Amino acid sequence: MKVAIQGELGSFSHEAAKRMLPRATVMPCTRSADVFDTVEQAKAQAAIIPIENSLAGSVAEHFDLLLARDLFIHGEMHLRIRHNLIAHPGVKLRDVRRVYSHPVALDQCRNFFRSHPGVQAVPFYDTAGSVRHVIEENLPDAAGIAAKRAAAEYAGKVLLSGIEDDRQNYTRFLLVTKSKKIGRQADKSSLAFALKNVPGVLFKALSVFALRDISLSKIESRPMRGRPWEYVFFADILRGDDDAARKALRHLGEIAEFVKLLGVYPAAKTH
């Protein structure tokens with residue numbers, strides 16, 4: 001089985017893919033759109049995508065792609081994000097003057113830069129890619145911030161472990177495929193819907209869940225492409241494919257301009 005990810009091998013997406021699909025071959029892709037293309041074109045059977053971080057928030061592009069494309073969510077996991085300072089094996093911490101990484105990772109390690117004022121933070125396209133860069137270029141005064149897996153992938157040396165500011169740093173990853181078949185253990189659903197801008201319509205939309213004692217674990221809005229100042233709501237409900245959920249979605253369809261079921265899957269039980 002092949003599973004597509006966005007980013008380099010050694011990334012947090014790579015780590016999530018190996019935990020969710022341990023036997024799968026991981027296919028790195030440059031762009032998020034390429035990840036969806038790879039699955040839709042059957043070059044990979046599944047994809048693992050980050051959808052939100054507990055500190056940085058949602059990955060907007062992936063919400064847009066889930067809405068626009070025809071893939072279906074089949075699982076989720078919460079990955080604890082541990083940032084590590086990784087360099088070429090011959091480099092010592094006192095040698096480091098530049099640290100490369102994705103801007104989000106750099107921002108989540110502010111305390112490290114505060115305690116090392118002589119070190120410059122340099123934005124890079126990918127966490128694991130930053131480690132690959134400093135190793136392949138044999139940079140004597142640089143390091144990257146990434147998952148520990150990146151050190152193993154590119155034969156780097158971990159200079160410092162766990163340099164993230166907040167230990168309650170998790171990223172939620174989704175498993176998506178072309179199949180719409182719903183598993184027996186599914187107890188959570190994700191959906192997208194749009195509403196006309198009329199008084200009380202959001203209240204009515206949410207009431208379809210409240211009337212059936214269905215809990216929403218998340219709701220947010222995103223701009224609708226091609227229609228300025230109009231929005232799509234993305235919601236997660238703590239219900240699988242049961243009678244109450246089906247009735248709620250039919251009821252929502254009577255109120256909304258459109259409803260798209262993005263997936264029905266087992267909720268992540270623990271971090």
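Before reading further, recall that the structure is shown in the block above.
Nothing here was measured: the structure is a model prediction, and the numbers come from that model.

The rules behind these values
For every chain, the first residue of the written sequence is number 1, and numbering continues from 1 along that sequence. Two thresholds apply to this predicted model, a pLDDT of at least 70 for residue-level local features and 80 or more for giving and counting side-chain atom pairs, whereas whole-chain, interface and lining totals are computed over all residues. The side-chain quantities take in all heavy atoms of the structure and omit both hydrogens and water. Comment: elements are numbered from the N terminus, with helices defined as DSSP H or I runs of at least four residues and strands as E runs of at least two. Atoms counted for the radius of gyration: C-alpha only. Globule rule: 2.2 Å times residue count to the power 0.38. In this scheme, a residue with accessible area under 20% of its type's maximum is buried, one over 50% is exposed, and one in between is partly exposed, where area comes from a 1.4 Å probe on protein chains only. At least two bridges found by DSSP between two strands is the condition for calling them paired. Working convention: axes come from line fits to C-alpha atoms, limited for helices to the stretch in contact. Angles between N-to-C directions cover 0 to 180 degrees. It only takes one pair of heavy atoms within 4.5 Å for two residues to be counted as in contact. To qualify as a nonpolar core, a set must consist of buried Ala, Val, Leu, Ile, Met, Phe, Trp, Tyr and Cys residues joined through side-chain atoms within 4.5 Å. Patches draw on residues past 30% relative accessible area with no salt bridge. Two like charges within 9 Å are joined, as are two nonpolar side chains (Val, Leu, Ile, Met, Phe, Trp, Tyr) within 5 Å. Per-residue accessibility takes into account occlusion by the displayed protein chains alone, with areas from the Shrake-Rupley method and a 1.4 Å probe. Should a side-chain nitrogen of Lys or Arg be within 4 Å of a carboxyl oxygen of Asp or Glu, the pair is scored as a salt bridge. Side-chain atoms alone can form a polar contact between residues adjacent in sequence; in general such a contact is a pair of N or O atoms within 3.5 Å, and within protein one must be able to donate a hydrogen while the other accepts it. The criterion for an aromatic pair is that two Phe, Tyr or Trp rings (for Trp, the six-membered ring) have centres within 6.5 Å, with stacked assigned to planes under 30 degrees apart, edge-to-face to planes over 60 apart and tilted to the rest.

A. Focus on the overall build of the protein chain. A tally of regular secondary structure across the protein chain gives nine helices and 15 strands. The C-alpha radius of gyration of the protein chain comes to 21 Å, within 12% of the 18 Å expected for a compact globule of 271 residues. Judged by the C-alpha coordinates and their principal axes, the protein chain covers about 65 × 40 × 35 Å. In the protein chain, which comprises 271 residues, the share counted as buried stands at 51%.

B. Broad picture of the sheet that holds strand β7 (residues 98-101). Taken together, the five strands give an open sheet; going across it, the order is β8-β7-β9-β6-β10, and neighbouring strands pair in mixed fashion. Looking along the sheet, the strands with just one partner apiece sit at the ends: β8 (120-123) and β10 (157-160). The sheet shows a mean angle of 35° between the axes of neighbouring strands, direction not considered. Where strand β6 (residues 84-87) and β10 come together, three bridges link them in antiparallel fashion. By the bridge assignment for β10, L85 is matched with L160. Packing against the sheet, helix α6 (residues 127-136) makes contact with β6, β7 and β9 (142-146), and its axis sits at approximately 155° to β9.

C. View of the nonpolar core. With 23 residues, the main nonpolar core has V35, F36, I49, L66, I73, L174 and V176 as its most contacted residues. Put simply, the parts of the chain that give this core at least two residues each are α2 (32-40), β3 (46-53), α3 (60-68), β11 (170-177), β12 (188-194), β14 (231-237) and β15 (258-265). Beyond its immediate stretch of four places on either side in the chain, I73 contacts L66, L174, L175, V176, S190, L262, G263, V264 and Y265.

D. Region of interest: a nonpolar patch on the surface. A cluster of nonpolar side chains, namely L202, L206 and I219, defines an oily patch on the protein surface of about 210 Å² accessible area. In this fold, I219 is placed in strand β13 (residues 216-223).

E. Representation of α6 within the structure. Of all 10 residues making up α6, seven are buried, and the element is well covered by its neighbours. Among the residues making up α6, those that are buried are T127, A128, G129, S130, V131, V134 and I135. Packed against the buried residues of α6 are α1 (12-20), β6, β7, α4 (103-107), β9 and α7 (148-154). Two or three places before A128, at the start of α6, stands the capping residue D126, its side-chain oxygen 3.2 Å from that residue's backbone nitrogen. Phi turns positive one or two residues past the end of α6, at N138, with a value near 55°.

F. Representation of the packing of aromatic side chains within the structure. Under the criterion given, the structure shown has five aromatic pairs. Geometrically, the ring pair formed by F112 and F113 is edge-to-face, given 5.2 Å between the ring centres and 80° between the ring planes. The exposure class assigned to F112 is buried, which follows from its relative accessible area of 6%. The structure contains a cluster of three or more aromatic residues connected by ring pairs, namely Y100, F124 and Y125.

G. Just unusual backbone geometry, in detail. Here N138, not a glycine, exhibits a phi torsion of approximately 55°, which is positive. Topologically, N138 is positioned in the loop between α6 and β9. Classification of N138 as partly exposed rests on a relative accessible area of 47%. Phi is positive for D213, which is not a glycine, with a value near 55°. On the secondary structure map, D213 appears in the loop between α8 (201-210) and β13.

H. Layout of the environment of L191. Residue position: L191 is located in strand β12. Take L191: its relative accessible area is 0%, and that puts it in the buried class. L191 sits 44 residues away from A235 along the chain, and the two C-alpha atoms are 5.5 Å apart. Those residues in contact with L191 that lie beyond four places of it in its chain are F209, F233, F234, A235, I237, L249, L252, V259, K260, L261 and L262.

I. Representation of the pattern of salt bridges within the structure. Per the stated rule, a full pass over the model turns up 25 salt bridges. A salt bridge links E220 to K218; the shortest N-O distance between them is 2.7 Å. Classification of E220 as buried rests on a relative accessible area of 18%. Here K218 falls in the buried class, since its relative accessible area comes to 17%. Between R227 and E257 there is a salt bridge, and its shortest N-O distance comes to 3.0 Å. Taken together, the residues R227 in the loop between β13 and β14 and E257 in the loop between α9 (243-255) and β15 connect sequence positions 30 residues apart. The class of R227 is partly exposed, set by a relative accessible area of 33%. E257 sits in the partly exposed class, given a relative accessible area of 34%. One salt-bridge network, in which partners are shared between bridges, spans E52, E76, R172, K188, K218, E220 and D236.

Purely spatial values, then, with no claim about function.
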